[in-house]
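Chain by chain, the residues run as shown.
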Amino acid sequence: MGQSDFSGNRKRLLESGVEMMDPDAVYIEDGVTVGKGTLLLPGTILRGRTVVGENCIIGPNVMLTDCAVGDRVTVNASQCEESEIRDGCEIGPYTHIRPHCVVGAGSKIGAFVQLKNCNLGKGTKMAHLTYVGDADVGEDCNFGCGVVTCNYDGKHKFRTTIGSHAFIGCNTNLVAPVTVGDGAYTAAGSTITHEVPADALAVAREKQKNLEGWAAKRRADGKLK
């Protein structure tokens, strides 16, 4: 982390109105700026050219590298790199925001979500267990658990485009390049390989078939417990 004067940087921020629960557990590099009223919790590491706005809560256990963070943002137990997080966002816990992301104002990015090279409109929500990479997402979208943008074919990367007010159902695979229109829905468990028009519902999964008595017969034959 270089030769930063951590104690001097902490003192500088404290004197400017930044709060720290335990200053000795906060590490701040020379080029970092933090707005007044922001609380830095233990385990916070601010690196490079990071700028944090006013009245934020950063930590515990957060590392921000070359990030621009707006006002009233919460980042909890997460890592963010070379990205912009706009006003009023809630990030974490256990979020990884990789380089070249813009997270729109008021968005909520939750547990075990990874973003890479994507633009999210304001108010978009990804609560948990989702990967969005090489994507452009509109405003007020909702992503269910287990959504994946399939952006890499082994040689090239492709982008996914999702309009505003879209609802991406749990365990949806979006095989890029693909577009989901404004207000469209994808059914849980779908693999989307073609354009979804605005306000449409895309269902891309096998029709369920029940084999009556299958388990009972195999138990009787000793093939199942």
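Since the model is a prediction, treat every value here as computed from it, not as a measurement.

Student: Please give an account of the pairing of strand 16 (residues 108-120) that cites residues and values.
Tutor: Across 2 bridges, strand 13 (residues 90-91) lies against strand 16 in parallel orientation. In the strand pairing of strand 16, Glu 90 is matched with Lys 108. Two elements, strand 14 (residues 96-97) and strand 16, share 2 bridges in a ladder whose sense is parallel. Among the inter-strand pairings, His 96 is bridged to a residue of strand 16, identified as Gln 114. In terms of strand pairing, strand 16 meets strand 17 (residues 125-137) through 10 bridges, oriented parallel. What sits directly across from Gln 114, in strand 17, is Tyr 131.

Student: With reference to specific residues and values, describe helix 1 (residues 6-15).
Tutor: When helix 1 is considered as a whole, its buried residues turn out to be Phe 6, Asn 9, Arg 10 and Leu 13. Angularly, the buried residues of helix 1 cover 100° about the axis, an arc narrow enough to put them on a single face. Among the exposed residues of helix 1, those pointing more than 90 degrees away from its buried face are Lys 11 and Glu 15. Next to the buried residues of helix 1 lie strand 1 (19-20), strand 2 (27-28) and strand 3 (33-34). Just beyond helix 1, the residue with positive phi is Gly 17, at close to 105°.

Student: I'd like a rundown of the side chain of Asn 9, residues and numbers included.
Tutor: Of note, Asn 9 is situated in helix 1. Asn 9 sits in the buried class, given a relative accessible area of 7%. One polar contact links Asn 9 to Asp 30, side chain to side chain, over a distance of 3.0 Å. Filtering out sequence-adjacent residues up to four positions away, Asn 9 remains in contact with Ser 4, Ile 28, Glu 29 and Asp 30.

Student: Can you tell me about the environment of Tyr 94, naming the residues and giving the values?
Tutor: Position of Tyr 94 among the secondary structure elements: in the loop between strand 13 and strand 14. Since its relative accessible area comes to 49%, Tyr 94 is described here as partly exposed. Remark: the alpha-carbon pair of Tyr 94 and Pro 177, spanning 83 residues in sequence, is separated by 28 Å. Among all residues touching Tyr 94, those that are not within four sequence positions of it are Asn 76, Ala 77, Ser 78, Gly 110, Ala 111, Phe 112 and Val 113.

Student: Please provide a residue-by-residue account of a nonpolar patch on the surface, values included.
Tutor: Where nonpolar side chains cluster on the molecular surface, the patch consists of Phe 167, Tyr 185, Leu 201 and Val 203 and spans about 390 Å² of accessible area. Considering the arrangement of structural elements, one finds Phe 167 in strand 21 (residues 167-168). Among the residues examined, Phe 167 registers a relative accessible area of 33% and is labelled partly exposed.

Reading guide: rules and limits
Residues numbered from 1 in each chain as written. Predicted model: local features only at pLDDT ≥ 70, side-chain atom pairs only at ≥ 80, totals over all residues. Heavy atoms only, no water. Pairing = 2+ DSSP bridges. Helix = DSSP H or I, 4+ residues; strand = E, 2+ residues; numbered from the N terminus. Buried < 20%, exposed > 50% of the residue type's maximum accessible area, 1.4 Å probe, protein only. Arc of directions from axis to C-beta. Contact = heavy atoms within 4.5 Å. Polar contact = N/O pair within 3.5 Å; in protein donor to acceptor, adjacent residues only side chain to side chain. Patch = residues over 30% accessible without salt bridge, like charges linked within 9 Å, V, L, I, M, F, W, Y side chains within 5 Å. Areas by Shrake-Rupley, 256 points an atom, 1.4 Å probe, with all protein chains shown as cover. Salt bridge = Lys/Arg side-chain N within 4 Å of Asp/Glu carboxyl O.

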